[in-house]
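Coordinate inspection notes
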Amino acid sequence: MNENQIITWLLKGDIALQYQVHRDLLGDDRKDLQHCIALTGWGKQFLSKRKPNGHWGDRFYQPKWISTHYTLLDLRNLNPDPDNETIKETIELVLDMGKAEDGGIPLGPSTVKHSDVCVNGMFLNYASYFNTAEKRLCSIVDSILNERMPDGGFNCRTTRSGAKHSSLHSTISVLEGLYEFRKSGYSYRLDDILNAKESAEEFILLHRLFLSDRTGEIINKDFLKLSYPSRWRYDILRALNYFQYAGKKWDDRMKEAFGVIQKKRNKNGTWNMQAAHPGQVHFIMEKAGKPSRWSTLRAMRAIKHFETEKQP
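Notes on the structure in this doc start here. (Residues numbered from 1 in each chain as written. Predicted model: local features only at pLDDT ≥ 70, side-chain atom pairs only at ≥ 80, totals over all residues. Heavy atoms only, no water.)

1. Focus on the overall build of the chain
- Along the chain, the regular secondary structure elements total 13 helices and 2 strands.
- Along the three orthogonal principal directions, the C-alpha set of the chain runs to about 55 × 50 × 35 Å.
- Considering only contacts in the chain between residues 6 or more positions apart, those separated by 24 or more positions represent 66%.
- Summing over all exposed atoms, the chain offers an accessible surface of approximately 14000 Å²; the carbon and sulfur share of this is 48%.
- Mean positive and mean negative side-chain charge positions of the chain (46 and 38 charges, respectively) differ by 6 Å. (Helix = DSSP H or I, 4+ residues; strand = E, 2+ residues; numbered from the N terminus. Contact = heavy atoms within 4.5 Å. Areas by Shrake-Rupley, 256 points an atom, 1.4 Å probe, with all protein chains shown as cover. Lys, Arg positive; Asp, Glu negative; His and termini not counted. Charge placed at Lys NZ, Arg CZ, Asp CG, Glu CD.)

Structure (structure tokens):
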């Protein structure tokens, strides 16, 4: 397929995909499509699973992928109308349940004192996207910034097992949250957020997105698999999509990861979803091992952004 044929194929997918294709590949921010994301297709399916108490699953973080937390993250990544009242109501319910002692979102009894920086990053991402009041998010920002490690990144295991080195998993979730907070127009601790953002981006780039800064070996082969939804897990396409979304300029340390993505392209111009993270789900958006509209859209918009950035 040529590029126009691939675009046509993408536009046969869910309306959330249609909206992002128009916005990111065609340069046409179709608000009419965005308004319908919560009313049909995957958006409607997620919202239909919401319980009368305003939550999903059993509680905020259980069971993993059908919990309130991960359902809100899935909904945010569909890019529905940010003023969706149903979603905003659930975010307020979570905040009304109280904060951990460090100001973050508790997952349960074990995190009442020290919350999880990875989850805080994801929460800040969707809470900011859905226009939560800034004052309700300030303590979460504080808790995240307090977890910044000497190497510039973040690791949710620092408060559990005393980790001394940042994690790519935690760092990408925090970056997404901090960027969305800034993008939403909030002003709280902007200088500190910008400094943390720059050091966390540098941490990822230092590792060339997937390689050890000491040995040059692949840190984890799973980082090269194209999965969606990403959940809390890091991979190189997620990182490239973050850098694209944040408007990051080309950096030669992206070269190896960029090359891996290009080599994964099928002969017909699409990309597969290579793996699905195991666990209970509300429904399956796409099957692993098959051409994936999510993988194809995400690869194409990263390539479009960085090929443009590399032009003299």
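2. Here we look at the packing of aromatic side chains
- Applying the stated criterion across every chain, the model contains 16 aromatic pairs.
- Residues F223 and Y234 carry aromatic rings whose centres are separated by 5.0 Å and whose planes lie at 75° to one another, so their mutual orientation is edge-to-face. Remark: Y234 occurs in the loop between α10 (190-206) and α11 (236-245) and F223 occurs in the loop between α10 and α11; sequence separation between them is 11 residues. The pair F223 / Y234 is uniform in exposure class, with both members buried.
- Centre to centre, the rings of W250 and F306 are 5.9 Å apart; their planes meet at 65°, and the pair counts as edge-to-face. Within this pair, whereas W250 is found in the loop between α11 and α12 (255-263), its partner F306 is found in helix α13 (residues 293-309), the two being separated by 56 residues in sequence. By the burial criterion, W250 is buried, and F306 matches it.
- Here the aromatic cluster, defined as three or more aromatic residues joined through ring pairs, consists of Y179, Y242, F243 and Y245. (Phe/Tyr/Trp six-rings, centres within 6.5 Å; stacked < 30°, edge-to-face > 60°. Buried < 20%, exposed > 50% of the residue type's maximum accessible area, 1.4 Å probe, protein only.)

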